[in-house]
Amino acid sequence: MHTILAKKQLSPNVTRLDLLAPRIAEIKKPGQFVIVRAKEGDERIPLTIADADPTQGTIALVIQAVGKATRELVALEVCDAIRDVAGPLGHPTELISSGRALCVGGGVGTAVVHPIAKALHAMGVHVTSVIGGRSREWVIFEEELAKCGDVIVCTDDGSYGRKGFVTDAAKEVLETGGVDIAYAVGPVPMMRAVANLTRPYNVHTIVSLNPVMVDGTGMCGGCRVDIGGETKFACVDGPEFDGHKVDFDLLADRLSTYREFEQRANACADGQCKIRR
Amino acid sequence: MQPTISAKERMQITRQAMPEQDAHERSGNFKEVNLGFSEQLALLEAQRCIQCKEAKCIKGCPVMVNIPRFIKCITDGDLAGAARSLFGDNALPSISGRVCPQEEQCEGSCIRGVKGQPVAIGYLERFVADWARTQGGVLDTTAPVPSGKKVAVIGAGPAGLTAAGELVKQGHDVTIYEALHKPGGVLVYGIPEFRLPKKIVAAEVDRLTKAGVKIECNVVIGRTYTIPELRAQFDALFIANGAGLPVFMNVPGENFKGVYAANEYLTRVNLMEAYDLPNTNTPVLIGKRVAVVGGGNVAMDAVRTAKRLGAEQAMIVYRRTKEEMPARVEEVHHAEHEGVDFQLLVAPLEVLGDDKRWVTGLKCNRMELGEPDASGRRKPQVIPGSEFVLECDVVVVAIGTKANPLLTATCPDLKLNKWGNIETDANGMTSIPGVFAGGDIVRGAATVILAMGDGKNAAKAINGYLEQA
Ligand SMILES: Cc1cc2nc3c(=O)[nH]c(=O)nc-3n(C[C@H](O)[C@H](O)[C@H](O)COP(=O)(O)OP(=O)(O)OC[C@H]3O[C@@H](n4cnc5c(N)ncnc54)[C@H](O)[C@@H]3O)c2cc1C
Ligand SMILES: Cc1cc2nc3c(=O)[nH]c(=O)nc-3n(C[C@H](O)[C@H](O)[C@H](O)COP(=O)(O)OP(=O)(O)OC[C@H]3O[C@@H](n4cnc5c(N)ncnc54)[C@H](O)[C@@H]3O)c2cc1C
Ligand code: SF4
Ligand code: FES
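These numbers were taken from a predicted model, which means no experiment stands behind them. (Residues numbered from 1 in each chain as written. Chains lettered and ligands numbered in written order. Predicted model: local features only at pLDDT ≥ 70, side-chain atom pairs only at ≥ 80, totals over all residues. Heavy atoms only, no water.)

1. Thoughts on the site of ligand 1
Residues and elements named next belong to chain A. Inspection of the region around ligand 1 gives 25 residues, with Pro 46, Val 62, Gln 64, Ala 69 and Thr 70 positioned closest. A distance of 3.5 Å is found between a nitrogen atom of ligand 1 and a side-chain nitrogen or oxygen belonging to Glu 43. Interatomic distance of 2.8 Å between a backbone N/O atom of Val 62 and a nitrogen atom of ligand 1. When ligand 1 is considered free in solution it has 860 Å² of accessible area, and contact with the protein chains removes 88% of it. At the level of secondary structure, the elements contributing two or more residues to the shell around ligand 1 comprise strand 4 (45–53), strand 5 (58–64) and helix 2 (68–74). With 4 residues, the single largest contributor to the shell around ligand 1 is strand 4. Here the residues of the shell around ligand 1 are counted per class, giving 16 nonpolar, 5 polar and 4 charged. (Near = heavy atom within 4 Å. Polar contact = N/O pair within 3.5 Å; in protein donor to acceptor, adjacent residues only side chain to side chain. Areas by Shrake-Rupley, 256 points an atom, 1.4 Å probe, with all protein chains shown as cover. Helix = DSSP H or I, 4+ residues; strand = E, 2+ residues; numbered from the N terminus. Nonpolar A, V, L, I, M, F, W, Y, C, P; charged D, E, K, R; others polar.)

Take a look at the structure:
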């Protein structure tokens, strides 16, 4: 059992939970994730380790409530416990030790970019983060990222920072030159756009893929993605890959496999479910 | 005591059939197909055994269960004695009694099978084990003297569970580390409820924890801890992490929506309980026409699962004929009775899909059997110009699994063979002193009983190693 020690709402649908997981807190590296089941009978869902405090023995999960499992997780309160937390899973992020890095975060992906930016900054890399949200209240992790370097905030409606998409700001950063590596984490269309953007600049770009997972140990093959024509299991070979080689269309298509089930589960959670066998 | 019967009378008893759920009814539910022998049926069947002095069945059994001895106890009406005899030889008989390929092992060697039907050893094994479980208190549970030694077991499948049971009996402090949230390995994520009810595996796990075995779930060795880290904390290790990496066909279209590896399909339905949809949380696609590629136990489990989930047509696509199928004969028969369609001498070339990448069919070749290959089975060959399309909306690939490199990759000192399986000596010890291994990670995808045998042998070897240390 993993007791929740702190809870904080970061944006209208993103919540941070700090929970006890001492071993994972001790050894986790940027880019790694855990597989979580809040209680018996729940789906196993992957969540990135957004931060960790080894002295307290806690890890931070930053969760966007999109469906049944994530909604149930963010409904938990301090002192509640999460039943299963397995990890740390996946390969740690490929980091550079000097030079300049561009970190692009969209939505909840910003929380995933944060441990990467933090590690890069600790090694002495110059980090420029470009983060975005629909409007001011949707922007998360700005303060934390500001501790790791420059931050450019973009909002779709211009209510905060610049008006426009993260790709516009990212392009300007690339134009200034000297970017050695780019990291992009967010919705699939955003990661695809960033990968397309960096390609002409020849900047190595790492994206964090989020296919549907079950076990997270390489056993089921459900998380397969196409990287340069080769099938890889995102949970053990990734979740981070060379963005210039990823088949984003396939990823987006596979992510829609269970849409019908998800909509029904969501409707049930909202009390609108009439068809129960 | 039962009245003794003459040898002639014995020979006249015919093999008792296993009572089973009606084929039509069961193809719509996930309850166990085989209902088990009554005491009366068991006694009749047990009387068929002629108590051979040089019992061939024992030699046919990979763990050398003393079969005539426990059968004799049944005929004597001493079920407790039968249970003690059986459990002394085999730690998990309620499981092996249900899933062993008896026709190739004990029953395949039984002398009564030479002229007629062999003794139904598997059914009797299951009967005694189930009786002991429901009875309770039959088996010796006296706590052993603590040895002061700590042993870690990696993986809670049949190999790991068996080893842990044997090690705890010797007074060792045993901890099992399991990657998933539930112990059991293939027994809980792969083999379906209708063949091996989960409550049976749970009861066996419960027996172990009561005996003092600690089980830590959600610990992935190679990630949460490495083998060298564990080696520093424990006096010995037993690695039994199975061969869980799915093999795909490597044909175009295999990543379309609706193509599953059998591991994923079965895990969603069994471990994650999608068989109870929509009352559970993990979804699985319910196909109208489901094509399962393969001919082993895994393929039979997947196709029978598809049928139960509601597929109008559940098909096996296999490139040889029924004779070459590696599945247990009983499973093939059950599948036939349940209305599974067998597409034999058929080999997939490509998965077809629509513009949204939903599966629409399998492009296949028809095959014929040629000369025997290295495995002794006749090699399937493509019939030129025989291409055709098998319409389907779900494809399940069940053509095998291999060693998962997750654990071994973080322990370079561990010697592997060219397929990535761990190499061991005759005692089950790996290239690292004090680190033993067994089950599928050593053998490649094999059987439950061989995994259990490895667990038992390794436990013995670990005892020897710890005494010397
Ligand atoms: C490596 C990795 C790291 C992730 N990190 C984070 C994170 O830090 N914060 C966060 O909010 N989200 C993260 N996700 C996504 C998160 O796992 C999904 O949002 C969650 O599983 C949705 O479950 P649900 O029941 O709430 O929603 P559902 O209604 O079931 O699904 C909503 C969408 O989530 C995706 N999804 C559904 N089930 C799964 C599953 N078992 N595995 C993966 N995706 C699924 C599908 O695209 C689906 O369309 C990560 C995903 C991966 C693969
Ligand atoms: C669907 C299916 C049907 C089958 N039917 C039959 C049958 O009818 N008869 C028969 O004899 N055999 C059958 N088999 C084969 C049989 O199940 C296996 O040979 C047997 O389970 C192997 O046992 P094991 O203990 O070596 O490994 P497994 O049962 O695979 O158990 C390994 C355990 O280790 C865990 N693990 C893996 N990696 C790690 C890690 N890094 N850290 C911690 N834990 C880890 C796994 O989660 C798992 O619980 C079937 C197999 C399948 C898949
Ligand atoms: S070979 Fe058959 S008849 Fe002989 S002891 Fe074994 S089970 Fe009995
Ligand atoms: S989640 Fe099962 S193999 Fe990756």
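Continuing now.
2. Here's the deal with the interface of chain B and chain A
On the chain A side, the residues contacting the 39 residues of chain B number 42 residues. The largest share of the area that chain B buries against chain A comes from Arg 223, Asn 255 and Asn 281 of chain B, three residues that together contribute 20% of it. The partner of Arg 357 of chain B in a salt bridge is Asp 247 of chain A, and the shortest N-O contact between them spans 3.9 Å. In this assembly, chain B and chain A are joined by 19 residue pairs in polar contact (both at pLDDT 80 or more). Secondary-structure elements contributing two or more residues to the side of chain B that touches chain A are strand 5 (245–246), strand 6 (259–261) and helix 14 (262–269) of chain B. Looking at the side of chain B that touches chain A, its residues break down into 20 nonpolar, 11 polar and 8 charged. (Contact = heavy atoms within 4.5 Å. Buried area = accessible area lost by both parts, 1.4 Å probe. Salt bridge = Lys/Arg side-chain N within 4 Å of Asp/Glu carboxyl O.)

3. What about the packing of aromatic side chains?
All names here are of chain B. If you walk through the whole model with that rule in mind, you get 9 aromatic pairs over all chains. Pairing Phe 30 with Tyr 275 gives two aromatic rings, centres 5.4 Å apart and planes at 40 degrees, and the pair type is tilted. Of the two residues, Phe 30 sits in the loop between helix 2 (23–26) and helix 3 (39–46) while Tyr 275 sits in the loop between helix 14 and strand 7 (289–293), which places them 245 residues apart along the sequence. Look at Phe 30 and you get buried, because its relative accessible area is 10%. Plain terms: the ring middles of Tyr 177 and Phe 234 are 6.2 Å apart, the flat faces sit at 85 degrees to each other, and that makes the pair edge-to-face. One end of the pair, Tyr 177, is in strand 2 (residues 173–177); the other, Phe 234, is in the loop between helix 13 (227–233) and strand 4 (236–239), with 57 residues separating them in the sequence. Like Phe 234, Tyr 177 is buried. The structure contains a cluster of three or more aromatic residues connected by ring pairs, namely Phe 30, Phe 194 and Tyr 275. When the ring centre of Phe 194 is taken as reference, the NZ or CZ atom of Arg 308 above it lies at 3.9 Å. Between Lys 322 and the ring centre of Phe 342, over which it is positioned, the NZ or CZ distance is 4.5 Å. (Phe/Tyr/Trp six-rings, centres within 6.5 Å; stacked < 30°, edge-to-face > 60°. Buried < 20%, exposed > 50% of the residue type's maximum accessible area, 1.4 Å probe, protein only. Lys NZ or Arg CZ within 6 Å of the ring centre and 35° of its normal.)

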